Amino acid sequence: MTNEALVTRDDHDNVSILTMVYRPYNLLGPKLINALVEQIEAAQKAGSRAIVIRSGLRHFSAGADLDIFEKRVAAGSGDQANESRRLSGVEFLRFMELLPIPLIASVHGVCLGGGLELALSCDYIVAATSAKIGSVEATLGLHPLLGGIQRQAQRIGAARAKEMSMLARRYDAPTLEKWGLINLTVPEESLEQATMSVAQEFAQGPTLAHAATKELVHIAVNEGVAAADEAMARVQAPIWASEDLKIGLASFRKNGPGLAKFVGR
């Protein structure tokens, strides 16, 4: 099976929809990660201003590809160097978090283990109310390996992060929305419409300003507010030369706030 068959891409009004179709359950491993990176880069090259990651199968992702773990156990090492990866697990999450384009995860079915870590690397998570979500690696004698623990702690605090990773429960989406792990829950029949509405809202925004926001948030949560303050001038520099800022200011003067039609440059 080729990488191209694992993730498909459709473009609609500056939004790229990446659909995972790695049967049977979109198990996260080098093959699926490589395919996602390839399609995200293609979407960026095509000028997409928001990217949706969804599943075309029954579930968003049932977790990690266990064949990887068995090979690591046989080798007695967690080294990823011989796994045909373009990016290591941590490099993949950083690639997602620092991508200068908003990423939206659209979750249905089960979203477990590595699948949840994938969703957490996105900027916005919308989930069907029927979705079941959790960090279940402890049932295998593991814990989240890509960086899910840290990202849970950022979103919901240390106590809840330890609960999720150590008890390995499956939670309903509305509960995790209340905790702040995900952004929005909607009925399953409304998931596609709600996802596209959010994605289009991101895509119609000032893309360079969004990229700066993503980078400053990443610095703040990883290095602290002081580091983000120090980085502000550098990170914000492209905004001052952007076409979107000129459009926004002109629109405000003429029509008031909220009516600018940004072009993403």
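Quick note: structure is the one above.
To keep things clear, this report deals only with the structure shown in the data block. Note that the structure is predicted; figures quoted are calculated from it, not measured. (Residues numbered from 1 in each chain as written. Predicted model: local features only at pLDDT ≥ 70, side-chain atom pairs only at ≥ 80, totals over all residues. Heavy atoms only, no water.)

### Remarks on the nonpolar core
Convention followed: Nonpolar core, defined: a set of buried Ala, Val, Leu, Ile, Met, Phe, Trp, Tyr and Cys residues in which side-chain atoms within 4.5 Å join the residues together. Partly exposed describes any residue whose relative accessible area lies between the buried limit of under 20% and the exposed limit of over 50%, with all areas from a 1.4 Å probe on protein chains only and scaled to the type maximum. Secondary structure elements follow DSSP: runs of H or I of four or more residues count as helices, runs of E of two or more count as strands, with numbering from the N terminus. Contacts are assigned to residue pairs that have any heavy atoms within 4.5 Å of one another.
Of all hydrophobic cores here, the largest spans 44 residues; its most connected members are Ile53, Phe92, Met96, Val107, Leu118 and Ile133. When contributions to this core are tallied by element, the ones reaching two or more residues are β2 (15-20), α1 (30-45), β3 (50-55), α3 (89-98), β4 (103-107), α4 (114-120), β6 (124-128) and α7 (173-179). Sorting elements by how many residues they give to this core places α1 first, with seven residues. Non-local contacts of Phe92, meaning those with residues more than four positions away in its chain, are made with Ile33, Leu36, Val37, Leu87 and Leu118.

### Digging into the sheet that holds strand β8 (residues 171-172)
What counts here: Pairing between two strands is assigned when DSSP locates at least 2 bridges connecting them.
Overall, mixed pairing links the three strands, which are arranged β5-β7-β8 in an open sheet. Sheet topology places β5 (110-112) and β8 at the edges, where each strand pairs with a single neighbour. Note that β5 and strand β7 (residues 132-134) share three bridges and pair parallel. Pairing of Cys111 across the sheet is with Ile133, part of β7.

### Describing the packing of helix α9 (residues 207-223) against helix α10 (residues 225-240)
Our working rule: Helix axes are fitted to C-alpha atoms over the stretch in contact, other axes to C-alpha atoms as well, and angles between N-to-C directions run from 0 to 180 degrees. Working definition: roughly parallel below 35 degrees, roughly antiparallel above 145 degrees, roughly perpendicular at 65 to 115 degrees, and oblique for all remaining angles. For any pair of crossing helices, the crossing counts as left-handed if the nearer helix is rotated counterclockwise from the farther one by less than a right angle, and right-handed if it is rotated clockwise.
Contact pair α9 / α10: the axes reach a minimum separation of 9 Å and the direction vectors enclose 165°. As summarised for this structure, α9 and α10 are arranged roughly antiparallel, according to the angle between their axes. Read as a crossing pair, α9 and α10 show a hand that is right-handed. Taken together, the residues of α10 that come into contact with α9 (itself represented by Leu208, Ala209, Ala212, Glu215, Leu216, Ile219, Ala220 and Glu223) are Val225, Ala227, Ala228, Ala231, Met232, Arg234, Val235, Gln236, Pro238 and Ile239.

### Comments concerning the pattern of salt bridges
The line we're drawing: Salt bridge, as used here, is a side-chain nitrogen of Lys or Arg placed within 4 Å of a carboxyl oxygen of Asp or Glu.
By the definition in use, this model includes eight salt bridges. Residues Arg9 and Asp11 are paired through a salt bridge, measuring 2.9 Å at the closest nitrogen-oxygen approach. Given the relative accessible area of 41%, Asp11 is considered partly exposed. In this structure, the salt-bridge partner of Arg160 is Glu163, at a minimum N-O distance of 2.9 Å. Residue Arg160 and its partner Glu163 are located together in helix α6 (residues 158-167), separated by three residues, close to a single helical turn. Relative accessible area serves as the criterion here: at 34%, Arg160 is assigned to the partly exposed category.

### Considerations on α6
Restricting attention to buried positions, one finds in α6 the residues Ala161, Glu163, Met164 and Ser165. In this fold, the buried residues of α6 make contact with α4, β7, α5 (148-156), β8 and α7. Following α6 by one or two positions, Ala168 has its phi on the positive side, about 55°.

### Overview of the packing of aromatic side chains
Put simply, the rule reads: Two rings from Phe, Tyr or Trp (for Trp, the six-membered ring) form a pair when their centres sit within 6.5 Å of each other. Planes less than 30 degrees apart are called stacked, planes more than 60 degrees apart edge-to-face, and all others tilted.
Following the criterion strictly, the structure yields two aromatic pairs and no others. The interplanar angle of 75° and the centroid separation of 5.9 Å between the aromatic rings of Tyr124 and Phe202 together place this pair among those described as edge-to-face. Within this pair, whereas Tyr124 is found in strand β6, its partner Phe202 is found in helix α8 (residues 191-203), the two being separated by 78 residues in sequence. With a relative accessible area of 21%, Phe202 lands in the partly exposed category.

### A short note on the side chain of Thr185
Put simply, the rule reads: Think of a polar contact as two N or O atoms within 3.5 Å of one another; within protein, one of them needs to be a possible hydrogen donor and the other a possible acceptor, and neighboring residues in sequence only count if both atoms come from side chains.
You can see Thr185 is positioned in strand β9 (residues 184-186). In this structure Thr185 comes out as buried when scored by relative accessible area, which is 15%. At 2.5 Å, the side chain of Thr185 and the side chain of Glu177 are in polar contact. If sequence neighbours within four positions are ignored, Thr185 has contacts with Ala127, Thr129, Ala173, Pro174 and Glu177.

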